[in-house]
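Chain residues, written in single-letter form:
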Amino acid sequence: MQASAVPVSRPVIERQTTLAEIPGKNEAYTAGVSWAAVIGGAFVSASLSLILLALGTGLGLSSISPWSNMGAAASTVGKAAIAWLIVTEIMASALGGYLAGRLRTKWVQVHSDEVYFRDTAHGLLVWALGLVVTAAFLGSAATSIAGGAAQGAGNGTTTTTMTTAAADSSMLNPNAYIIDTLFRSNGTAAAHNDAAERGEADRIFAHSLRQRTMSAADATYLAQLVSARTGLTQAEAESRVSDAFQSAQQSADTARKALAHLSLWLFVALLSGAFCASFAGTIGGKQRDRIPV
């Protein structure tokens with residue numbers, strides 16, 4: 001009598017589901033950058049920068065206002081203005097970076113180091129975009145101011161318009177006052193319109209300042225113009241031209257050094273803003289990930 005065959009059970013092979021087969025869990029389907037959060041944080045950063053700039057102008061901590069051409073020269077930028085510039089950049093960049101990290105989408109199945117890098121990159125992108133927006137606004141404001149001054153100079157048909165155009169020209173041209181002192185009359189010469197001579201003298205001064213010296217021919221020619229328009233002798237006119245050019249050189253050197261000094265501190269402020277925005281982005285991202293999906 002034969003024994004009945006016992007069915008042999010086949011081994012069950014458990015199939016592991018890969019990450020790519022899990023719907024909604026694949027990293028390829030999630031963007032590495034939340035541009036909506038970045039753009040929102042950048043606009044908040046740019047807006048706060050302008051608000052703090054206006055506040056600093058009102059408190060006297062900032063020497064230049066983007067809404068008016070009534071601003072101080074670069075040589076008058078002191079320690080208070082530099083400190084306020086750094087504080088403004090840090091506060092605006094930190095707020096924008098934090099918002100970008102807090103508002104970005106939560107990445108699932110992504111390594112913690114990658115999340116930290118992405119949050120840092122979000123903060124840096126906010127800083128960069130906010131800087132571009134702020135620079136574009138200030139550049140457009142400066143362009144509109146320069147265009148208004150040029151339009152006022154071109155439409156000078158009335159006395160009021162001519163006075164406004166002359167004031168705008170003196171603000172835009174640092175050598176305007178020196179040219180005025182150069183052609184200041186001693187009271188013996190007849191009054192007349194010397195706009196052409198002033199423009200020519202201004203161009204000679206600008207060229208000589210670029211060359212760091214005034215040629216003998218230009219100095220003699222300017223002295224002749226000054227002597228003919230002011231009633232001074234040739235020797236007195238030459239002395240006035242020499243003194244005016246030395247004053248212009250000193251003003252140019254002072255402005256150049258002040259601009260270099262301000263540029264260095266501006267670099268420090270922007271670098272501090274980039275660091276604070278990146279760090280604030282990581283803080284906002286950590287607080288965002290604590291919220292369960």
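Preceding this paragraph is the structure being described.
The structure reproduced in this document is the subject of the present report. (Residues numbered from 1 in each chain as written. Predicted model: local features only at pLDDT ≥ 70, side-chain atom pairs only at ≥ 80, totals over all residues. Heavy atoms only, no water.)

1. Remarks on the overall build of the protein chain
Now for step 1: The helix and strand inventory of the protein chain stands at eight helices and zero strands.
Now for step 2: In sequence order, the protein chain lays out its α and β elements as α-α-α-α-α-α-α-α.
Now for step 3: Counting the 293 residues in the protein chain, one finds 29% classified as buried.
Now for step 4: Expressed as a percentage of contacts within the protein chain between residues at least 6 apart in sequence, the contacts between residues at least 24 apart total 70%.
Now for step 5: Roughly 18,200 Å² of accessible area belongs to the protein chain as shown, and the carbon and sulfur atoms make up 63% of that amount. (Helix = DSSP H or I, 4+ residues; strand = E, 2+ residues; numbered from the N terminus. Buried < 20%, exposed > 50% of the residue type's maximum accessible area, 1.4 Å probe, protein only. Contact = heavy atoms within 4.5 Å. Areas by Shrake-Rupley, 256 points an atom, 1.4 Å probe, with all protein chains shown as cover.)

2. A closer look at the packing of aromatic side chains
Now for step 1: A complete count under the given rule lists two aromatic pairs for this structure.
Now for step 2: Here Phe205 and Phe245 contribute two aromatic rings whose centre-to-centre distance is 6.0 Å and whose plane-to-plane angle is 70 degrees, an arrangement assigned as edge-to-face. Of this pair, Phe205 sits in helix 6 (residues 195–211) while Phe245 sits in helix 8 (residues 234–289), and the two are 40 residues apart along the sequence. Grouping residues by exposure puts Phe205 and Phe245 together as buried.
Now for step 3: Where Phe275 meets Phe279, the ring centres are 6.3 Å apart and the plane angle is 5 degrees; that geometry is what we call stacked. (Phe/Tyr/Trp six-rings, centres within 6.5 Å; stacked < 30°, edge-to-face > 60°.)

3. A look at the environment of Leu209
Now for step 1: Examined against the element boundaries, Leu209 turns out to sit in helix 6.
Now for step 2: Once the C-alpha coordinates of Leu209 and Asp253 are considered, the two residues, 44 residues apart in sequence, prove to be 9.8 Å apart.
Now for step 3: When sequence neighbours within four positions are dropped, the list of residues in contact with Leu209 reads Asn175, Phe245, Ala248 and Gln249.

4. A short note on the pattern of salt bridges
Now for step 1: As enumerated under the stated definition, the model contains six salt bridges in all.
Now for step 2: Its salt-bridge partner being Arg104, residue Asp289 comes within 3.1 Å of it at the nearest N-O pair. In this pair, Asp289 sits in helix 8 while Arg104 sits in the loop between helix 2 (79–103) and helix 3 (112–154), placing the two residues 185 residues apart along the sequence.
Now for step 3: Residues joined by salt bridges that share partners form a network here, namely Arg104, Asp119 and Asp289. (Salt bridge = Lys/Arg side-chain N within 4 Å of Asp/Glu carboxyl O.)

5. Observations regarding helix 2
Now for step 1: Along its 25 residues, helix 2 runs 36 Å from first to last C-alpha, staying within 8% of the 36 Å computed at 1.5 Å per residue.
Now for step 2: Of all the residues in helix 2, the buried ones are Ala81, Ile82, Trp84, Ile86, Thr88, Glu89, Ala92, Ser93, Gly96, Gly97, Ala100 and Gly101. (Expected span 1.5 Å × (residues − 1).)

6. Comments concerning the nonpolar core
Now for step 1: Leu182, Phe183, Phe205, Met214, Leu222, Val226 and Val241 are the most contacted members of the largest nonpolar core, which totals 19 residues.
Now for step 2: Elements with a minimum of two residues in this core: helix 5 (176–182), helix 6, helix 7 (216–230) and helix 8.
Now for step 3: It is helix 8 that contributes the most residues to this core, five residues altogether.
Now for step 4: In contact with Val241, other than residues within four places in its own chain, are Leu182, Phe205, Met214, Ala219, Leu222, Ala223 and Val226. (Core = buried A, V, L, I, M, F, W, Y, C linked by side-chain atoms within 4.5 Å.)

7. Observations concerning a nonpolar patch on the surface
Now for step 1: A cluster of nonpolar side chains, contributed by Trp265, Phe267, Val268 and Leu271, occupies part of the molecular surface with about 390 Å² of accessible area.
Now for step 2: With respect to the helices and strands, Leu271 occurs in helix 8. (Patch = residues over 30% accessible without salt bridge, like charges linked within 9 Å, V, L, I, M, F, W, Y side chains within 5 Å.)

8. A closer look at the side chain of Ser93
Now for step 1: Mapping Ser93 onto the fold places it in helix 2.
Now for step 2: For Ser93, a relative accessible area of 2% gives the class buried.
Now for step 3: Beyond its immediate stretch of four places on either side in the chain, Ser93 contacts Ser45, Trp127, Gly273 and Ala277.

9. Some thoughts on the side chain of Ser208
Now for step 1: Mapped onto the elements, Ser208 comes out in helix 6.
Now for step 2: Excluding residues within four positions of it along the chain, Ser208 makes contact with Thr213, Met214, Asp218 and Phe245.

10. Considerations on helix 1 (residues 35–59)
Now for step 1: Over its 25 residues, helix 1 runs 36 Å from end to end, which matches the ideal 36 Å to within 8%, given 1.5 Å per residue.
Now for step 2: Every buried residue belonging to helix 1 is among Ala37, Val38, Gly41, Ala42, Ser45, Ala46, Leu48, Ser49, Leu50, Leu52 and Gly56, and all of these are buried.
Now for step 3: Count one or two residues on from helix 1 and you reach Gly60, which has phi positive near 85 degrees.

11. Some details on the packing of helix 6 against helix 8
Now for step 1: Where helix 6 contacts helix 8, the axes come no closer than 11 Å and their chain directions differ by 55 degrees. Relative to helix 8, the element helix 6 lies oblique. Here helix 6 and helix 8 pass one another in a crossing that is right-handed. Contacts between helix 6 and helix 8 pair Phe205, Ser208 and Leu209 from the former with Val241, Ala244, Phe245, Ala248 and Gln249 from the latter.
Now for step 2: In terms of residue class, the contact of helix 6 with helix 8 is built from six nonpolar, two polar and no charged. (Axes fitted to C-alpha atoms, helices over the stretch in contact; angles between N-to-C directions. Parallel < 35°, antiparallel > 145°, perpendicular 65-115°, else oblique. Left-handed = near helix turned anticlockwise from the far one by under 90°. Nonpolar A, V, L, I, M, F, W, Y, C, P; charged D, E, K, R; others polar.)

Interpretation note: all reported values are geometric properties and have no functional meaning in isolation.
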